[in-house]
Amino acid sequence: VCVKRVLSAVQRNGLALQEHRWLWSDREVVSTAVAQCGSALRFADPWFCNDRRVVVAAVRSDPLAVRYASRRLALDVEVWRAAAASSQATAGFLVLSLCVCLRWWSWS
């Protein structure tokens, strides 16, 4: 499978990233996947969870993707601004997202 085919697949469905583990460290593929579906961040190499640009793109697409960010970025003002700007964001949804993050961290 060539990289162009995978890029095309993740442009249509970001979660297609999970099927291509060998590209979980490719910046272009991961950035494209999370821009389409923020939850695809969970399949990327862990260091992307600490990359502000990738995390911001993920939460713009899906505010709940903040749960896959590093602890440092999950509390970052720029990340929460992007989450708030998401078309899916409401005040209640953002509070719920923060609660999910805090609960997730307490388990890890």
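Above: the structure in question.
Residues numbered from 1 in each chain as written. Predicted model: local features only at pLDDT ≥ 70, side-chain atom pairs only at ≥ 80, totals over all residues. Heavy atoms only, no water.

1. Quick look at the packing of aromatic side chains
Part 1 of the reasoning: In this structure the tally under the stated criterion is 2 aromatic pairs.
Part 2 of the reasoning: Between the aromatic rings of tryptophan 24 and phenylalanine 43, the centroid separation amounts to 6.1 Å while the plane-to-plane angle is 40°, which identifies the pairing as tilted. With tryptophan 24 in the loop between α1 (3–12) and α2 (27–36) and phenylalanine 43 in the loop between α2 and α3 (52–61), this pair connects stretches of sequence that are 19 residues apart.
Part 3 of the reasoning: Ring centres of tryptophan 47 and phenylalanine 48 lie 4.2 Å apart, and the angle between their planes is 25°; on these two criteria the pair is classed as stacked.
Part 4 of the reasoning: Residue classification places phenylalanine 48 among the buried positions, given a relative accessible area of 0%. (Phe/Tyr/Trp six-rings, centres within 6.5 Å; stacked < 30°, edge-to-face > 60°. Helix = DSSP H or I, 4+ residues; strand = E, 2+ residues; numbered from the N terminus. Buried < 20%, exposed > 50% of the residue type's maximum accessible area, 1.4 Å probe, protein only.)

2. Overview of the packing of α1 against α2
Part 1 of the reasoning: At their nearest, the axes of α1 and α2 sit 8 Å apart, and the two run at 15° to each other. Considering their axes alone, α1 and α2 lie roughly parallel with respect to each other. For α1 against α2, the interelement crossing comes out right-handed. The residues of α2 that touch α1, namely those facing Val3, Val6, Leu7, Val10, Gln11 and Arg12, are Glu28, Val29, Thr32, Ala33 and Gln36. (Axes fitted to C-alpha atoms, helices over the stretch in contact; angles between N-to-C directions. Parallel < 35°, antiparallel > 145°, perpendicular 65-115°, else oblique. Left-handed = near helix turned anticlockwise from the far one by under 90°. Contact = heavy atoms within 4.5 Å.)

3. Quick word on the environment of glutamine 18
Part 1 of the reasoning: Within the secondary structure, glutamine 18 sits in the loop between α1 and α2.
Part 2 of the reasoning: Glutamine 18 sits in the partly exposed class, given a relative accessible area of 40%.
Part 3 of the reasoning: Those residues in contact with glutamine 18 that sit more than four places away from it in its chain are Trp24 and Phe43.

4. Side note on α2
Note: α-helices contain 3.6 residues per turn, so residues at a spacing of three or four share the same orientation.
Part 1 of the reasoning: Among the residues of α2, those classed as buried are Val29, Val30, Ala33 and Val34. End-on view of α2: buried residues confined to an arc of 120°, all on one side of the axis.
Part 2 of the reasoning: Elements that come into contact with the buried residues of α2 comprise α1 and α3.
Part 3 of the reasoning: Sitting at the head of α2, aspartate 26 places a side-chain oxygen 3.1 Å from the backbone nitrogen of glutamate 28. (Arc of directions from axis to C-beta. Polar contact = N/O pair within 3.5 Å; in protein donor to acceptor, adjacent residues only side chain to side chain.)

5. A closer look at the nonpolar core
The tendency in soluble globular proteins is for nonpolar side chains to be buried as a group.
Part 1 of the reasoning: Leu17, Leu41 and Val59 are the most contacted members of the largest nonpolar core, which has 34 residues in total.
Part 2 of the reasoning: Among the secondary structure elements, those contributing two or more residues to this core are α1, α2, α3, α4 (71–74) and α5 (77–85).
Part 3 of the reasoning: It is α3 that provides the largest number of residues to this core, a total of 5 residues.
Part 4 of the reasoning: Not counting residues within four places of it along the chain, the set of residues in contact with valine 59 comprises Ala65, Val66, Val79, Ala82, Ala83 and Ser86. (Core = buried A, V, L, I, M, F, W, Y, C linked by side-chain atoms within 4.5 Å.)

6. Observations regarding the pattern of salt bridges
Part 1 of the reasoning: In total, this model carries 3 salt bridges according to the counting rule given.
Part 2 of the reasoning: Between arginine 27 and aspartate 51 there is a salt bridge whose closest N-O contact spans 2.6 Å. On the criterion of sequence distance, the pair formed by arginine 27 in helix α2 and aspartate 51 in the loop between α2 and α3 is long-range, its members being 24 residues apart.
Part 3 of the reasoning: With a closest N to O distance of 3.5 Å, arginine 52 and glutamate 78 form a salt bridge. Taken together, the residues arginine 52 in helix α3 and glutamate 78 in helix α5 connect sequence positions 26 residues apart.
Part 4 of the reasoning: Exposure remark for glutamate 78: the relative accessible area of 41% places this residue in the partly exposed category.
Part 5 of the reasoning: If you follow the salt bridges from partner to partner, you end up with Arg52, Asp76 and Glu78 in one network. (Salt bridge = Lys/Arg side-chain N within 4 Å of Asp/Glu carboxyl O.)

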